[in-house]
Structures are given as C-alpha cells and as structure tokens.
Amino acid sequence: VGGPHGHHDEPRRAGLDAPPAIVSGNGVGDRLSDPLCRRFRDAGDLSRHLWALARRVAGQLCKAVQRPGLPEHLVNTALFLLLGVNVKMVLALLLSGFFVHSARWVRWVSFIFILPWAIPSIPTILSFRWMLNAEWGMINNILFKYFQIEGPNWLLEPNLALGAIIVVHIWKYLPFWTLIMVSGRLTISKDLYEAAEVDGANAFQKFIHITFPSVQNLYITSTLLSTIWSLGDFNSIYLLTGGGPADATQVLATLGIRYAFGMSEISTGMATVITALPLMIPLTFVMLRRLRREAAR
Amino acid sequence: MKTLFRELRLGIVGVLVLIWTLVPIYHLFVMSITPLDQAFQGNLWPENPTLQNYRTVVTQGHDYLRHFWMQLFNSLVVAVAVALITLTIATFSAYAISRLRVRGGETVSTLALLTYLIPAAFLAIPMYKTMGNYGMLNNKWSLILTLVTFATPYAIWVLKQYADKLPFELDEAARIDGASPIQIFWLVFLPLMAPSLVAIGTYALLLAWNEYLYAFLLLSSDEQITLPVALGNFLASDEAPWTLLMATGVIYALPPAAIYYAFRRYMVAGLTAGAVKS
C-alpha cells in the first residue's frame, strides 16, 4: 500500500514495529519537556500523519483514475443512474394512478405486480440473462420463429447490454417505488378532484394541478433515495452481464469489487468506489435532513 | 360511454403491467420444467414439460447440486439468525432511545439513519478485510454479523419512529403502579409494538435470505455457501445446466414470496412508513 508516497520522510532511527505516533518524533520535541511544547509537537505529528494519509489516498485515487476505461465506467454509472432512476420514478408516479383504483381486479393486478420485489433477484436476473441469450434465448427464438427477424446480440453489444441492465433494474425496483407513490396519492383529499371535475378539468390538468403538487415532496425524496441505492446496485450488473462485454458495462459498484477481488488490488478497488463520494456525500446529507424533518412532523 | 372508455383504458394498462411483470417469471418457470436436452431451443412452451429437474434438485443428482440441502439449510440459518439478532438489538435500542430517553439517543438514531443511506455494496471491501482480520472468512457468522450490521440501522430507525407514537401515559401509569423499566418493556412496550416487530423481523429475514454479494465474498466452500451463491456458481462453466439452475431458483424464490404475501399487511404499512413519508 505504501508505494512511492510511503514513509520516506520519516526518520531512519525508528524501529519498524513502532507505532506511527512514536515513529515520527523529529528529535526537536524530545528536548522540550514542558507540556505545552509537547502538545505542539504532537499536533505537528498528527497533522503530518494526516498529510501522509491524504497523500496516500490521493495516490491511490490517481492510480484508479488513470486506469484505462475509468471515464467510460463513470459514464456508464451516470447513464445507469440517470435513466434507471428517472424512468423508474416517472413510471412509478404514473402507475400509482392506476393502482389507487379500488376495483377488485386492480387489487389482484397489484398483488402480482409486487412479485419482482417480493422474490429474490438472483433467479429472476439469471432468467433475464438466459432469455436474452442471442442464440438460445426465448426472445430471439420467438423473433425468428414468428417474425423472421434475426434478433440482436442483446448482452454482447455494449449499448444494448447497458439498456438490458437498466430494464432489469427497473423491473426489480418499480413495484416498491410504485407502492410508495400509491401511499402518497392516497393522502390526497378526494374533494380536490371533485372540485376540479366541477370546473371541467381534464385528467392531464388534474395531474398537473392537484396530483403532482401534492406528491412533489415525496417524489423528490424518493428520487434522491433511489439514486443513492441504485449507485450500490451490484446484482443487476454482475449477474446479467458480469460487467461485459470487455468491461463495457461496468459501473463503480461492480468495478470496485472486480479490482479488489478479481485482480487482488484492494486499494485500487476501494479508491474506485471512493470516486463516487462527491455524489454520495451531498446526497446523503440532503437525504438525512429531509428524512429527519419528515420524521419530526 | 365515457366510463366504458375509461374502463377500457384501465384494462389496457392492467394487461401491460401483467405482461411486463410476468414475462421473466414465466420464463423462469418454463425453463424449470423444460427437459435438460431442450434447454437450447428457446420454445415458448416445452414440447414435453417435466418435473424431472425438480427431482434432480431435491435428490442432489448433479455436480452443481451436490450440497443443495446443506446450502438451503445455510440460507435458512443465516436468515433466521439475522432476523432474531436484528430484532433484539433494534427493539432494545428503540426502547432506550424513545421511552427511556437515554442521553445521546437522538444522535444514535441519526447515525443509524446515516448508515442506512450508504449502499452496502460500497462497504464490501472494508468489510471483507475486517472479517479476514478476525479470521472469520468462510464462516457463517461473518455473514450473519455483516447482515445484522446492515439491517439494524433501518430497524432502529423504523422502530424508534413507531415507539415515539405510543402514548407516554401508559408508561407513566405502569411506573406509578411500581413497574420497573424492564417490566414496562415486557408488559407494555413489546405487546404494543408487535405489528411493527413483525414487519421489521420479516424485513431482516428477507434481506438475509436474498443477500448475494456478501454471501459470495465472505463464504467460499460448498458446505458453507448459501443458495444464491450456489446459483451464481452455476455460471462458472459455459455449459451450465440452465434448466436445473432455474428449478433451483424457483425453489429458492418460493419461501420469501410466501412469507411476503403472508405478512403483506404489516410489510407494506411498516416499510413504506419508515422509508419515506409523504
């Protein structure tokens, strides 16, 4: 881990096993015995250690950033987040309008609709994987048999593969967010809609002027939360494409694991994951405030 | 006329939703009843559907399935242990923070919320190193402790919110009658919290049963791994027996689906209330 930025500025006389706090005494402080000076020296040591640590982290980050393909992987991550999260949330918002209907058959549909979220993702992702197989999968076979279309190589063409990943992600998490949106819609008073109807508002106007303003806050909170969680979605990528073809669909979560465990470069793996912090920290901070404020209400 | 049109529109949405939801699940099921030699035909319905795959799975009649029952048992042990430990820690924490008003309790609950917001996949590397340092790799306890770590913050957060809503007069009345804090915990607090405890227990149970990444990193030998890791291991070779993989997948997916539907009433209310509120 030490590498070129290691301990070269530390004194030679220190024993190798000595803990860092003792190692870096610079000889000057030893002669100063009064507590104030000692405290100054300790503070100096601490800052020097923090500095050395920061340099080491920066070194690892540089190594991770200079890896061939990192920009591409960051673009993948961004695409996955932007499309995956927003398409999912818009669909959830619209579909919740369907599921608030109280008809018995709608409740049966919602019963089935929740399945992707209720069952483990491993079997269903693997099911997608085999279904999308270019030669033997069900999709291409049906395309060929009934429409005489030569289906594309779903999981081996980078753009299609990333698209497939996003579809799988949405398939898995849409039910949960739809439920959340349904719970938001159920709090809206029926009177508002009736009043709008009297005024002759159509469905679109009712959505824009009543529904959306009422669930706006919930929608934003959910989108932020979903962004954080989607950043950590490992399964949808790893089990569908394994990050392939040729690392073209890696995102930060899978790339970190691949460096650390596939190539035994633990530090590079961790540094790769850390490149998400500029997005993670503000999001977490905003979420923390929003959730606490809502809990306090 | 207008209502008929609306019904029709609703119906179309309903059908689309059903197709979207059921296609991968239908495919999973169809593959699981397809004879092994027809796995590569991609038919909409197999020519002669069979339950042979399921028989092979439960009799452990394939190299990949040598330890099927053991792995199913491992999944069960991990899930039950995680649920019980999480419930114990979270219930006591919620009681201490919300009812006993322990100093620093609010800080703990904020920290719990913070932990809940960090995606678990990002902590895989440090967690793996930590478990390595403790010499606990390839030991079920490493997985159990890790998952408890990830399940408790949310559990504490949700239970604390529920506990805050219970009327304080109950505690006071019990205290006046001479009940100790522990007695209040057992006789007043726990019975009132029962519905949310069911929700959180189910949440932790399903979280542990469904976990893939950490199980895959922390456990390695065939006798220790859980079922999802065994499913992933099918992909190790190119000629994976996909029909057997799918049959195993169906068996693996059934218990959580059953549990979810059994506790659906509690789950939806409990989990959506804690995750985000309108």
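Residues numbered from 1 in each chain as written. Chains lettered and ligands numbered in written order. Predicted model: local features only at pLDDT ≥ 70, side-chain atom pairs only at ≥ 80, totals over all residues. Heavy atoms only, no water.

Details of the pattern of salt bridges
Then, number 1: Tallying each qualifying case throughout the model produces 6 salt bridges over all chains.
Then, number 2: With its nearest N and O atoms 3.3 Å apart, the salt bridge here joins Asp247 of chain A to Arg258 of chain A. With Asp247 of chain A in the loop between helix 12 (235–238) and helix 13 (252–262) and Arg258 of chain A in helix 13, the pair connects residues that are 11 residues apart, well separated along the chain.
Then, number 3: For Arg258 of chain A, a relative accessible area of 35% translates into the label partly exposed.
Then, number 4: Of the charged contacts, one joins Lys160 of chain B and Asp164 of chain B as a salt bridge, the two residues approaching to 2.9 Å between their closest N and O atoms. Of this pair, Lys160 of chain B and Asp164 of chain B are both found in helix 6 (residues 140–165), 4 residues apart, which corresponds to roughly one turn of the helix. (Salt bridge = Lys/Arg side-chain N within 4 Å of Asp/Glu carboxyl O. Helix = DSSP H or I, 4+ residues; strand = E, 2+ residues; numbered from the N terminus. Buried < 20%, exposed > 50% of the residue type's maximum accessible area, 1.4 Å probe, protein only.)

Quick look at the interface of chain B and chain A
Then, number 1: Between chain B and chain A, the residue contacts involve 66 residues of the former and 73 residues of the latter.
Then, number 2: In total, about 6,500 Å² of surface goes out of reach between chain B and chain A, with carbon and sulfur atoms giving 79% of it.
Then, number 3: When the buried area of chain B at its contact with chain A is split by residue, Leu117, Phe122 and Ile125 of chain B rank highest and sum to 12% of it.
Then, number 4: In this structure, the connection of chain B to chain A is made through 0 salt bridges.
Then, number 5: The tally of links between chain B and chain A comes to 7 residue pairs in polar contact (both at pLDDT 80 or more). (Contact = heavy atoms within 4.5 Å. Buried area = accessible area lost by both parts, 1.4 Å probe. Polar contact = N/O pair within 3.5 Å; in protein donor to acceptor, adjacent residues only side chain to side chain.)

Points about the nonpolar core
Then, number 1: Judged by nonpolar contacts, the single largest core of 144 residues is most densely connected at Phe99 and Leu240 of chain A together with Val82, Phe122, Leu143 and Trp242 of chain B.
Then, number 2: Those residues within four positions of Leu143 of chain B in sequence are excluded, and the remaining contacts are Val78, Tyr214, Ala215, Leu218, Leu219 and Thr226 of chain B.
Then, number 3: The next biggest cluster of nonpolar side chains, apart from the first, holds 5 residues, and it includes Ile114 and Ala118 of chain A together with Leu206 and Met267 of chain B. (Core = buried A, V, L, I, M, F, W, Y, C linked by side-chain atoms within 4.5 Å.)

A short note on unusual backbone geometry
Then, number 1: Of note, Gln148 of chain A is a non-glycine position whose phi angle comes to about 55°, a positive value.
Then, number 2: Positive phi values are uncommon outside glycine, yet Asn138 of chain B reaches one of about 60°.
Then, number 3: Structurally, the position occupied by Asn138 of chain B is in the loop between helix 5 (124–133) and helix 6.

Comments concerning helix 5 of chain B
Then, number 1: For helix 5 of chain B, the complete set of buried residues consists of Ala124, Ile125, Met127 and Met131 of chain B. Projected down its long axis, helix 5 of chain B shows its buried positions confined to an angular sector of 165°, all on one face.
Then, number 2: The secondary structure elements touched by the buried residues of helix 5 of chain B are helix 13 and helix 14 (266–274) of chain A together with helix 6 and helix 9 (213–218) of chain B.
Then, number 3: Positive backbone phi, approximately 70°, marks Gly135 of chain B, located one or two places after helix 5 of chain B. (Arc of directions from axis to C-beta.)

Comments concerning the packing of helix 4 (residues 105–117) of chain B against helix 6 of chain B
All names here are of chain B.
Then, number 1: Contact geometry for helix 4 and helix 6: axes closest at 8 Å, N-to-C directions at 130°. Considered as vectors, helix 4 and helix 6 are oriented oblique to each other. Considering only the axes of helix 4 and helix 6, their crossing is left-handed. Every residue of helix 6 that contacts helix 4 at Glu106, Ser109, Ala112, Leu113, Thr115 and Tyr116 is listed here: Pro153, Tyr154, Trp157 and Lys160.
Then, number 2: Considering only residue class, the contact of helix 4 with helix 6 consists of 6 nonpolar, 2 polar and 2 charged. (Axes fitted to C-alpha atoms, helices over the stretch in contact; angles between N-to-C directions. Parallel < 35°, antiparallel > 145°, perpendicular 65-115°, else oblique. Left-handed = near helix turned anticlockwise from the far one by under 90°. Nonpolar A, V, L, I, M, F, W, Y, C, P; charged D, E, K, R; others polar.)

Describing the environment of Phe111 of chain A
Then, number 1: The residue Phe111 of chain A is located in helix 5 (residues 104–113) in this model.
Then, number 2: By relative accessible area, which is 29% here, Phe111 of chain A ends up partly exposed.
Then, number 3: Distance in space between the C-alpha atoms of Phe111 of chain A and Ser183 of chain A is 15 Å, their sequence separation being 72 residues.
Then, number 4: Apart from residues lying up to four places away in sequence, Phe111 of chain A is in contact with Tyr261 and Arg264 of chain B.

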